[in-house]
Structures are given as C-alpha cells and as structure tokens.
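Descriptive structure summary
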Amino acid sequence: MQAAWLEENIVELKGYTKIPDSEGMVRLTGICKQPPNMSRKDLVDWFYQHAARIIDEEGRIIIPGIRWYTHSFSIESPFGESNINGCAENWWNSLGEIKSDFDGEVMKSQLEDREKAIDVVDPSYFQGVWSDEYVI
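This report concerns the structure included in the present document. (Residues numbered from 1 in each chain as written. Predicted model: local features only at pLDDT ≥ 70, side-chain atom pairs only at ≥ 80, totals over all residues. Heavy atoms only, no water.)

With respect to the helices and strands, the residue Asp101 is situated in helix α2 (residues 95-102). Arg67 is the oppositely charged side chain nearest to the buried, salt-bridge-free Asp101, at an N-O distance of 6.9 Å. Reaching out from Asp101, the side chain makes a polar contact with the side chain of Trp92 at a distance of 2.6 Å. (Helix = DSSP H or I, 4+ residues; strand = E, 2+ residues; numbered from the N terminus. Buried < 20%, exposed > 50% of the residue type's maximum accessible area, 1.4 Å probe, protein only. Lys, Arg positive; Asp, Glu negative; His and termini not counted. Salt bridge = Lys/Arg side-chain N within 4 Å of Asp/Glu carboxyl O. Polar contact = N/O pair within 3.5 Å; in protein donor to acceptor, adjacent residues only side chain to side chain.)

Shown next, in the form of structure tokens:
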C-alpha cells in the first residue's frame, strides 16, 4: 500500500474551466517513478512538454476525446518516501472514446514518448486504471 500525497497541476485547455460535468465520464490514471537521471524539475518539465505536444496553438487538445487533463507531483508525506513521483490523469466522456483515441497515432506516439523518457525505471508503473469519479 503506497499513500502518495500529490500536488495537482491543471493543464489548461481552451474551452474548459473545470472538469466537465458528465455522467459516466471515464478517467485514465498513469503514475511514474522519477528516473535516476532526472531531477524533480526535469520530471515536471517533461510532463509539461509531453502535454504541449498534444495541444494546438489555440490551446485546444488534438486528441478528440480528452475533456480534462491534469498532472500531479509528489509532495512530502507523513508516510515516508513515496514510490510515486508523478501522475497524469485524463478524462473522457465515455469508454468508447478512450478506446477510439488509443487506436489513433497521436496517443500511440504519446505512449512511446513516455516509454522512452520516464518508464525506464519500471514500465509497470504505467497502469491504465479506468474509473468513474465521484467527488465527496
């Protein structure tokens, strides 16, 4: 059991000021361990460069189904050092949309970029967890 305290950083997308309120929305969460050759700043910079690759000049995301996108980075935790250093979360309106986007070239390129840059520590950290969100 790993309790990771994370600080959320919202990646601004044109047309959205908050997570769209949609019943049945599906979220994908991917986590990573900071590679030994990366500083925390390098890791944060990589996440933002990774996001910039899929946002056009007007700030609109070029992967059709994604509706919201955030990055989170670990902060000091009372549980000791966390195995999780970074986390990206993407929201889609439906499971069908996420599957369709994963069949596209843009998403495949994003996953390859991730494998080369941050999954070098342990590729098993990227686990596609599909879930509905309920805010308490």
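So much for the structure itself; the text now carries on.
Bringing a nonpolar patch on the surface into the picture now. Side chains of Trp5, Ile75 and Phe79 sit close together on the surface and give an oily, nonpolar patch of about 320 Å² of accessible area. Mapped onto the fold, Trp5 is located in the segment before β1 (6-10). On the basis of relative accessibility, which here comes to 41%, the residue Trp5 falls in the partly exposed class. (Patch = residues over 30% accessible without salt bridge, like charges linked within 9 Å, V, L, I, M, F, W, Y side chains within 5 Å. Areas by Shrake-Rupley, 256 points an atom, 1.4 Å probe, with all protein chains shown as cover.)

Right, let's get into the environment of Arg40. Among the secondary structure elements, Arg40 is positioned in helix α1 (residues 40-52). Along the primary structure Arg40 and Glu7 are separated by 33 residues, whereas in three dimensions their C-alpha atoms are 13 Å apart. In this structure, Arg40 is in contact with Glu7, Gln34, Phe73 and Ser74, ignoring residues within four places of it in sequence. (Contact = heavy atoms within 4.5 Å.)

Spatial relationships are all this shows, so hold off on functional conclusions.
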